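Analysis of the macromolecular model
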Amino acid sequence: MILVLRALGVGDLVTAVPALRALRVAYPGRELALAAPAWLAPLVDLVGGVDRLVDTAGLDGPAWPGPAPQVAVNLHGRGPQSHRLLAAARPGRLLAFANTDAGFVDGPPWAADEHEVDRWCGLLSWYDIPADRTDLALRRPEAPRLPTGATVLHPGGKIPAKRWPAERFAALARALTDRGHRVLLTGSADERALAAGVADAAGLPPTAVLAGRTDLGALAALVANARLVVSGDTGVAHLATGYGTASVVLFGPVPPAHWGPPPDRPRHRVLWAGAGGWRRWGGVGSHPTLAALRLDEVLAAVDEVERVVRVSGAIAA
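This text gives an overview of the structure that appears in the document. (Residues numbered from 1 in each chain as written. Predicted model: local features only at pLDDT ≥ 70, side-chain atom pairs only at ≥ 80, totals over all residues. Heavy atoms only, no water.)

**Some points on the pairing of strand 1 (residues 2-5)**
For clarity, the cut-off: Burial classes: relative accessible area under 20% of the type maximum marks a residue as buried, over 50% as exposed, and values in between as partly exposed (1.4 Å probe, protein chains only). Elements are defined by DSSP. Helices are runs of H or I of four residues or more, strands are runs of E of two residues or more, and each kind is numbered from the N terminus. For two strands to be treated as a pair, DSSP must find no fewer than two bridges joining them.
The alternating pattern of strand 1 places Ile2 and Val4 on one face and Leu3 and Leu5 on the opposite face, and all of these are buried. Where strand 1 lies against strand 2 (residues 32-36), four bridges are found, and the strand directions are parallel. Each bridged residue has a counterpart across the sheet, and for Leu5 the counterpart in strand 2 is Ala35. By the bridge criterion, four bridges tie strand 1 to strand 4 (residues 71-74) in an arrangement that is parallel. By the bridge assignment, Val4 is partnered in strand 4 with Val73.

In structure tokens:
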């Protein structure tokens, strides 16, 4: 049995898809167990290749309650805590980055300035397991009662500093509605008030607010069948990448070179005002690299990705 640790969130899981699929190919006859939070189950099903989901929220508890795995793979972090958690499962072999604090020196060195997808593909490559960094596509879920062709705006995000100002999301929602978009606002239950405030300021009806009203599977279906997604650097942006849905992703303070969509995919446009360098910031609200992004820049990016979609559709026809 192969045990893989990735006890994080939506974007973390999606960026690990190429590595998970590489492990599936490398160990075709063995059970592949993923240690991750149970609420990710709908998305794990859309990744494919995972035989078992072991509910693991963070690094505070045992990652594996069963017999010792033949191989344990740390796709969670650099260690030492994640290394120790997997070592406690008594694997026959551990695949991980080198970490002297954890007493593990067999893996490659950790590089801080690296894209998250490349990080885990590179780890497996060190162990002679080839991984295709472009293999990011997710299975398309069924969505019998969800809107299709909507424009999804996601004003929230787990980290407040990575949120574009709410008043600009409202202005964007008004502008896109005037252009004929059907705008829907998504988010977690904790972000429902934020989404409702954006909708109210934009003159949208309460029915446009889906924050807190969709589970992860429904959110994936909504994004998969959307016209456009505009969000910050958060999980919804990675879902748009996985489904090839046109998207505009607003970055700050973390540079898109670490977490952004593949730069060779023109359906996804990244905006970031921190190209001249970024540093730690102790303020509240939107980070300055996000607050610097103007509404007209976002609308121009929307025009760009929609033009790409029209051209590609015409070529396909």
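**Quick word on helix 5 (residues 116-126)**
So the rule is basically this: Throughout, a contact is declared for two residues whenever any of their heavy atoms are within 4.5 Å.
Residues of helix 5 that are buried include every one of Glu116, Val117, Arg119, Trp120, Cys121, Leu123 and Leu124, and no others. Elements in contact with the buried residues of helix 5: helix 1 (10-15), helix 2 (17-26), strand 4, strand 5 (93-95) and helix 10 (256-259). Once helix 5 finishes, Asp128 follows within two positions and takes phi at roughly 60°, a positive value.

**Some details on empty space enclosed by the protein**
Selection criterion: Cavities and pockets were defined on a 1 Å grid built over protein atoms only: a cavity is a set of grid points that admits a 1.4 Å probe from which the probe cannot escape, a pocket is an open set flanked by protein on both sides within 12 Å along at least five of seven lines, and lining residues are those with an atom within 4 Å of any such point. Grid points are joined across faces, edges and corners, and a volume is the space filled by probe spheres set on the points.
The full count for this structure, using the stated rule, is two cavities of 30 Å³ or more. In this structure, the largest cavity spans a volume of roughly 100 Å³. Considering the residues around the largest cavity, the lining is formed by Val14, Thr15, His115, Val117, Arg133, Leu136, His238, Thr241, Trp259, Gly260, Pro261 and Pro262. Those elements that place two or more of their residues in the lining of the largest cavity are helix 1 and helix 9 (235-243).

**Some thoughts on the pattern of salt bridges**
Spelled out, the test is: Between Lys or Arg on one side and Asp or Glu on the other, a salt bridge is scored when a side-chain nitrogen of the former is within 4 Å of a carboxyl oxygen of the latter.
Counted according to the given criterion, the structure contains 14 salt bridges. As a salt-bridge pair, Asp118 and Arg133 come within 2.4 Å of each other at their nearest N and O atoms. Linking Asp118 in helix 5 with Arg133 in the loop between helix 5 and strand 6 (151-154), this pair joins segments that are 15 residues apart in sequence. Overall, the relative accessible area of 28% leaves Asp118 in the partly exposed class. With relative accessibility at 28%, the residue Arg133 sits in the partly exposed group. The partner of Asp303 in a salt bridge is Arg179, and the shortest N-O contact between them spans 2.7 Å. One end of the pair, Asp303, is in helix 12 (residues 295-316); the other, Arg179, is in the loop between helix 6 (166-178) and strand 7 (183-185), and 124 residues separate them in sequence. We classify Asp303 as partly exposed; its relative accessible area is 31%. Among the residues examined, Arg179 registers a relative accessible area of 40% and is labelled partly exposed. Through salt bridges with shared partners, a single ionic network connects Arg6, Glu114, Glu116 and Arg119.

Read these as geometric descriptors, not functional statements.
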